[in-house]
Amino acid sequence: MFSYLLKQAAASILVLLVVVTITFFLIGLAPGGLGLLADPNMDPEVRANILRNLGLDQPLHVQYFNWMGNILQGDLGRSFTFNRPVMEMILERLPATLLLGAAALVITIGVGFSAGVIAARLPNSLLDQVLSFVSFVLLATPGFWLGILLIIVFAVSLGWLPAAGMQTVGQPFSVADRLSYLVMPAIVLAAGTTAELMRYTRSSWLEIMNLDYIRTARSKGLSERAVHGKHVLRNALIPILTIFGLFLPRLVGGAAVTETLFAWPGMGSMAVAAAVARDTPLVLGVTIFISSAVILSNLLIDVLYAVIDPRIRY
Amino acid sequence: MSAVAQAPAQPTGRSLWRIFWRMLRRNRMALFGVVFLTVVAALVILEPVLPLPSPNRIDLLNTYAPPSFQHLLGTDENGRDVLARLIAGGQVSLAVGLSAAVLTVLFGAVVGLAAGYFGGLVDRVLMRFTDGLLSIPVFFLLLAVVAIWGGGPLVLILALGLTRWMGTARLIRGEVLRFKNMEFVTAAQSLGASDSRVMLKHLLPQAVPVLIVSTSIGVGNVMLYEAALSFLGLGILPPTPSWGNMLTASQNYVFNAPHLAIYPGLMILFSVLAFNSLGDVLRDAFDPRMRSSQ
């Protein structure tokens, strides 16, 4: 089992290295330079100094091998714009992103899964139709636009929730305060995945209900509650785990937009700012960091498969 | 859409076209989508001859104007005509969405065909790569590359086309696996047809339904990414309007003109809804079996 899982993870890491390398050269070969050097009146000597300090005076392939060599030793390099270690900056921003991501996951599972089960228990009812309509619309809604609408309604018009940031300035930390800042970005981040999980749960639940072992469970006299709560639930979890692995990169990508919109001080908004500033080590560092986390969690999901479903053996 | 329309009628009397219409009439959302897309396409194509103000004409004495005969949907923060900008933005957003979706389907078809047909090592390498790419949040890299190459339609089309093909590749591979051991393929092979001929002439046509459905759903998917990138100020750059960049900072104008935040978003929402529901209808029309797999 472990050799299979390790192979899968190794493939992901290899793909990551390839993608990161392509990106490195795509960025390096682009016309124009660092935002830092945009000032046309800059003293040429100062300019040369900056380039030398950042290692940018060397040919691109030398830069690449230096950078990749450091990565392989676990050093993500230094940010061009902040001249600080990338790892340090990531760890600083990590808690905010984790909080937002965890909140979005809770919403996705809590709302998406239960709505899917409800819809599957009452197929073709009015409630089912409403839920499927809502999820269809949510899947087509740009997350940032949903965020703008929420800001207009709840922050600007009603004044119930703060529109930006993570904490009221000058106030000591309190859970209620943090939650008031968290609620809108978390909903926005979770909207798409919630809708998708709902649709997925509904269809896989309905599919399992038609299988033989469910009929067996019913015919041996089990109550509906036992049939659904034990037999269907456990089997419905398997395909749901699968799309979970696909949700993680999407949640992370969505965090870039959501964090920027709500000025949430996480890794996503940092990566957007770094992309705009052409801060190559920072952008690539964030990507490598997050991708490694996603690859690790996919490994974990694969292990969970085997735990949930004894039929699965690697 | 039109590919279906031109499919030759089958002698059974139930042509694909008629099945499609029947499915479409049953699905109100898709019917609305087709009407919406037709109207938007007409407006977008006829834009040069429509009696509208220039989308980029700034009129600082007439900002946030309410709807009037001169400006049917009012003006924005720079006094530009909102309707003209919506239509011009539609040109960009739809063109980028359609081209990038076609590109993703092309890449996906090549990878899927090769993986499914050759099998073995080719399949393993290609599919590992596909799955690996699915497990990496490429959005940040997309941000960086698009930011550095300066945005614009061409960069966006290439960037999105190169990073969103994985789903299609897997679908096409599945189709190829379904058909590649059937008699007509074996027959072609034993008559001496080359690999590329078998793939392009015999297997690819079997995958056309999947290709069309993927394109329709892909347009919606890609449009959402284009909108997000443009919203962040990295995709389509001002002054060129796109539905995404018309929303940049729109939450700041809420007191003056809440409608500025509504219209472009609705256009994105309706377009994506239309393409998604159209994809669903096409899938049902092509193959009832495909319904349960999604």
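First, a word on scope: everything that follows refers to the structure included in this document. Keep in mind that this is a model prediction, so the values were computed, not measured. In this numbering scheme, every chain counts its residues from 1 along its sequence in written order. Whichever chain is written first is A, and whichever ligand is written first is 1; the rest continue in order. Predicted model: local features are reported for residues with pLDDT of at least 70 only, side-chain atom pairs are reported and counted for 80 or more only, and whole-chain, interface and lining totals are derived from all residues.

### Details of the overall build of chain B
The following threshold applies: A run of H or I in DSSP becomes a helix once it reaches four residues, and a run of E becomes a strand once it reaches two; helices and strands are each numbered from the N terminus. A residue is called partly exposed when the number of other C-beta atoms within 10 Å of its own lies between 12 and 20, exposed at 12 or fewer, and buried at 20 or more, with C-beta atoms placed from the backbone. With C-beta atoms placed from the backbone, a contact is any residue pair whose C-beta atoms sit within 7 Å.
In terms of regular secondary structure, chain B is built from 13 helices and zero strands. Taken along the three principal axes of its C-alpha coordinates, chain B extends 75 × 50 × 30 Å. Of all 294 residues assigned to chain B, the portion counted as buried reaches 46%. Long-range pairs, those at least 24 residues apart, make up 67% of the contacts in chain B between residues at least 6 apart in sequence.

### Describing the overall build of chain A
Helix and strand counts for chain A stand at 11 helices and zero strands. Across its three principal axes, chain A shows a C-alpha extent of roughly 85 × 55 × 35 Å. Counting every position in chain A, which comprises 314 residues, the buried fraction comes to 37%. Expressed as a percentage of contacts within chain A between residues at least 6 apart in sequence, the contacts between residues at least 24 apart total 72%.

### So, the interface of chain A and chain B
Much of the literature gives interface size as the accessible area that the parts lose upon coming together. Condition: Three categories are distinguished: nonpolar for Ala, Val, Leu, Ile, Met, Phe, Trp, Tyr, Cys and Pro, charged for Asp, Glu, Lys and Arg, and polar for the others, with Gly belonging to the last.
Between chain A and chain B, the contact holds 42 residues from the first and 37 residues from the second. In terms of residue count, helix H1 (residues 2-28) of chain A provides more of the side of chain A that touches chain B than any other element does, nine residues in total. Residues of the side of chain A that touches chain B, tallied by class, amount to 32 nonpolar, nine polar and one charged.

### Some words on the packing of helix H9 (residues 224-261) of chain A against helix H11 (residues 280-308) of chain A
Residue and element names in this part refer to chain A. Operational definition: Axis definition: a line fitted to C-alpha atoms, over the contacting stretch in the case of helices. Angles run 0 to 180 degrees between N-to-C directions. Angles below 35 degrees are treated as roughly parallel, those above 145 as roughly antiparallel, those between 65 and 115 as roughly perpendicular, and all remaining angles as oblique.
The geometry of H9 relative to H11 is characterised by a closest axis approach of 10 Å and an angle of 180 degrees between their N-to-C directions. Between H9 and H11, the interaxial angle falls into the category roughly antiparallel. Contacts from Arg-234, Leu-237, Ile-238, Leu-241, Phe-244, Gly-245, Leu-248, Pro-249 and Val-252 in H9 reach Ile-290, Val-294, Ser-297, Asn-298, Ile-301, Leu-304, Tyr-305 and Ile-308 in H11. Looking at side-chain class alone, the contact of H9 with H11 contains 13 nonpolar, three polar and one charged residues.

### A word on helix H7 (residues 175-209) of chain A
Where we set the bar: The span you would expect from a helix comes to 1.5 Å times its residue count less one. In this scheme, the bend at a residue equals the angle between the axes fitted to the seven residues that finish there and the seven that begin there.
Taking 1.5 Å per residue, 35 residues should reach 51 Å; H7 of chain A reaches only 42 Å between its end C-alpha atoms and comes up short. Its axis deflected by about 45 degrees at Ala-191 of chain A, H7 of chain A carries its strongest bend there.

### Let's talk about the environment of Pro-209 of chain B
Note that Pro-209 of chain B resides in helix H11 (residues 208-231). Between the alpha carbons of Pro-209 of chain B and Ser-68 of chain B there is a distance of 46 Å; along the sequence they are 141 residues apart.

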